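Chains, contacts and geometry: an overview
Each chain, written out:
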Amino acid sequence: MQKLEQLYEGKAKKVYKTDDPNLYIVDYKDDATAFNGLKKGTIVGKGVINNQMTNRFMAKLEKAGVPTHFVEELSERETVVKKVSIVPLEVIIRNLSAGSFAKRYGVEEGIVFDAPTIEFSYKNDDLGDPLLNEYHTLALKLATPEEIAVIKQYAFQVNDFLKAFWASCGVTLVDFKLEFGRLDDGTIVLADEISPDTCRLWDSKTHEKLDKDRFRRDLGGVEDAYAEVMRRMKEAL
């Protein structure tokens with residue numbers, strides 16, 4: 001497969017065309033951003049970890065009945081994915097209170113919810129990714145009622161899988177963000193990534209943060225935290 005011109009460069013990845021019009025190559029970077037790009041830095045080795053972790057999870061999720069854009073891992077940082085048009089929704093599943101939820105509603109971090117919650121944000125950096133409900137999503141024509149139902153079903157399936165997997169590694173899945181895309185025939189598939197960039201992961205015993213919050217909050221030890229969750233994942237697979 002031949003890598004052609006770069007189509008897009010985001011905060012964490014570059015996307016390239018290939019000689020197959022239905023396939024792209026994603027190249028994961030070590031660049032780190034927070035607060036809608038206001039804070040910038042580098043997490044050495046992050047791209048390698050995020051690429052490999054995402055691919056392993058997506059392969060497992062495919063077998064569990066959640067379709068994804070994953071095709072093939074090319075190298076430590078590069079992966080072949082199906083061409084999708086991204087649904088402009090960030091889908092956030094929360095199992096415990098943390099981050100913006102705790103801040104927004106004035107509650108402490110670490111409250112375990114009776115059932116997972118789901119939030120939608122409008123994927124738009126210029127607007128600060130504002131929260132949406134389903135009525136807003138329909139009004140803005142971001143997704144159809146059928147697509148929203150499928151996205152919610154898949155998101156909760158992903159949560160069930162990831163929660164159980166991370167629990168087996170001594171890690172609590174606090175919350176995470178997903179993105180979905182449409183194939184040319186309109187099929188909804190899981191896209192983007194599943195990594196310490198997009199998941200809040202706490203050590204089950206110590207509650208030590210093992211994710212991007214270490215970068216956001218200047219806690220130090222960011223590279224070590226990413227390496228630790230990758231080590232635990234590999235041991236469990």
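Residues numbered from 1 in each chain as written. Predicted model: local features only at pLDDT ≥ 70, side-chain atom pairs only at ≥ 80, totals over all residues. Heavy atoms only, no water.

**Structural notes on the overall build of the protein chain**
Operational definition: Secondary structure elements follow DSSP: runs of H or I of four or more residues count as helices, runs of E of two or more count as strands, with numbering from the N terminus. Throughout, the radius of gyration refers to the C-alpha atoms, and the reference size of a globule is 2.2 Å times the residue count to the power 0.38. The rule is simple: take the accessible area with a 1.4 Å probe, protein chains only, and divide by the maximum for that residue type; under 20% is buried, over 50% is exposed, in between is partly exposed. Residue contacts are counted whenever heavy atoms from the two residues lie within 4.5 Å of one another. Under the convention used here, Asp and Glu are negative, Lys and Arg are positive, and both His and the chain ends fall outside the count. Where a charge lies is defined by one atom per residue type, namely NZ (Lys), CZ (Arg), CG (Asp) and CD (Glu).
What the protein chain contains, in helices and strands, is six helices and 14 strands. For 237 residues, the compact-globule formula gives about 18 Å, and the C-alpha radius of gyration of the protein chain, at 17 Å, lands near that figure. When the backbone C-alpha atoms are referred to their principal axes, the protein chain occupies close to 50 × 40 × 35 Å. The burial tally for the protein chain puts 49% of its 237 residues in the buried class. For the protein chain, long-range pairs separated by at least 24 residues make up 56% of all intrachain contacts whose partners lie at least 6 apart in sequence. In the protein chain, 34 positive and 40 negative side-chain charges are present, and the distance between their average locations comes to 2 Å.

**Considering a nonpolar patch on the surface**
The test is simple: Patch definition: residues with relative accessible area over 30% and no salt bridge; like charges joined within 9 Å; nonpolar side chains (Val, Leu, Ile, Met, Phe, Trp, Tyr) joined within 5 Å. Working definition of accessibility: Shrake-Rupley area with a 1.4 Å probe, residue cover restricted to the visible protein chains. Whenever Lys or Arg places a side-chain nitrogen within 4 Å of a carboxyl oxygen from Asp or Glu, that contact is recorded as a salt bridge.
On the surface, a nonpolar cluster with roughly 320 Å² of combined accessible area is contributed by Tyr-105, Val-107, Ile-111 and Leu-131. One can find Ile-111 in the loop between α2 (99-105) and β10 (112-122). On the accessibility criterion, Ile-111 (34% relative accessible area) is partly exposed.

**Side note on helix α6 (residues 222-236)**
Formally: How far a helix is expected to stretch is found by multiplying one less than its residue total by 1.5 Å.
Helix length check: α6 (15 residues) gives 22 Å between terminal C-alpha atoms against 21 Å at 1.5 Å per residue, within 8%. Buried within α6 are the following residues: Val-222, Ala-225, Tyr-226, Glu-228, Val-229, Met-230, Arg-232 and Met-233. Of the surrounding elements, those touching the buried residues of α6 are α1 (46-63), α4 (145-168), β12 (171-182), β14 (199-203) and α5 (213-216).

**A closer look at the environment of Glu-5**
For Glu-5, the position within the fold is in strand β1 (residues 3-9). We classify Glu-5 as partly exposed; its relative accessible area is 44%. Separated by twelve residues in the primary sequence, Glu-5 and Lys-17 place their C-alpha atoms 5.8 Å from one another. Residues in contact with Glu-5, not counting those within four places in the same chain, are Tyr-16 and Lys-17.

**As for the packing of α4 against α6**
The cut-off we apply is this: Each axis is a line fitted through C-alpha atoms, and for a helix only the stretch in contact is used; angles between axes span 0 to 180 degrees, taken between their N-to-C directions. Roughly parallel means an angle under 35 degrees; roughly antiparallel, over 145; roughly perpendicular, 65 to 115; everything else is oblique. Under this grouping Gly is polar, as are all residues other than the nonpolar Ala, Val, Leu, Ile, Met, Phe, Trp, Tyr, Cys and Pro and the charged Asp, Glu, Lys and Arg.
Running from N to C, α4 and α6 point in directions that differ by 95°, and their axes come no closer than 9 Å. One way to sum up the angle between α4 and α6 is to call them roughly perpendicular. On the side of α4, the interface is formed by Phe-165, Trp-166 and Ser-168, while α6 contributes Val-229, Met-233 and Ala-236. By residue class, the composition of the contact of α4 with α6 is five nonpolar, one polar and no charged.

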